[in-house]
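Single-letter residue listing:
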Amino acid sequence: MGKTGTTKWGRVKGRKGNVIMVPEAELSHKRPGPAQRYTSSGSKRRKIARSPKALVKA
């Protein structure tokens, strides 16, 4: 078990302009939604590159 508060957070701008906090490990990539989970060849897609415009400069 990890200690409470050990996650480093980063800021990402959402589709409607709102800012959400995500773990730093997920700043460059995001988890695909239900409709984007599989590629055309049928393999499972684990990460999708996040838009460079979504990153919020601190």
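Residues numbered from 1 in each chain as written. Predicted model: local features only at pLDDT ≥ 70, side-chain atom pairs only at ≥ 80, totals over all residues. Heavy atoms only, no water.

S.K.: Explain the overall build of the chain here, please?
M.R.: Counting its secondary structure elements, the chain contains zero helices and four strands. For the chain, the succession of helices and strands along the chain, N to C, is β-β-β-β. For 58 residues, the compact-globule estimate of 2.2 N^0.38 gives 10 Å, and the C-alpha radius of gyration of the chain, at 14 Å, exceeds that figure by more than 25%. Taking the principal axes of the C-alpha coordinates as reference, the chain spans close to 40 × 35 × 15 Å. (Helix = DSSP H or I, 4+ residues; strand = E, 2+ residues; numbered from the N terminus. Rg over C-alpha atoms; globule rule 2.2 N^0.38 Å.)

S.K.: Before we go on, may I ask you to explain the pairing of strand β2 (residues 19–23) in this structure?
M.R.: Look at any regular strand and the pattern is simple: side chains alternate between the two faces of the sheet. Two elements, strand β1 (residues 9–13) and β2, share five bridges in a ladder whose sense is antiparallel. The residue bridging Val12 from the neighbouring strand is Ile20, located in β2. What sits between β1 and β2 in their antiparallel hairpin is a turn of five residues, with Gly17 showing a positive phi close to 95°. (Pairing = 2+ DSSP bridges.)

S.K.: I'm lost on the confidence of the model for the chain in this one. Help?
M.R.: Low-pLDDT stretches of the model should not have their predicted coordinates read in fine detail. For the chain, the average pLDDT comes to 86, and 95% of its residues sit at 70 or higher. Looking at the elements of the chain, mean pLDDT is at its lowest for strand β3 (residues 29–30), recorded as 88, and at its highest for β1, recorded as 91. (pLDDT = per-residue confidence, 0-100.)

S.K.: How should I be thinking about a positive patch on the surface in this particular structure?
M.R.: Side chains of Arg31, Arg37, Lys44, Arg46 and Lys47 sit close together on the surface and give a patch of like positive charge. With respect to the secondary-structure elements, Arg31 resides in the loop between β3 and β4 (48–49). Residue Arg31 is classed as exposed on the basis of its relative accessible area of 65%. (Patch = residues over 30% accessible without salt bridge, like charges linked within 9 Å, V, L, I, M, F, W, Y side chains within 5 Å. Areas by Shrake-Rupley, 256 points an atom, 1.4 Å probe, with all protein chains shown as cover. Salt bridge = Lys/Arg side-chain N within 4 Å of Asp/Glu carboxyl O. Lys, Arg positive; Asp, Glu negative; His and termini not counted. Charge placed at Lys NZ, Arg CZ, Asp CG, Glu CD. Buried < 20%, exposed > 50% of the residue type's maximum accessible area, 1.4 Å probe, protein only.)

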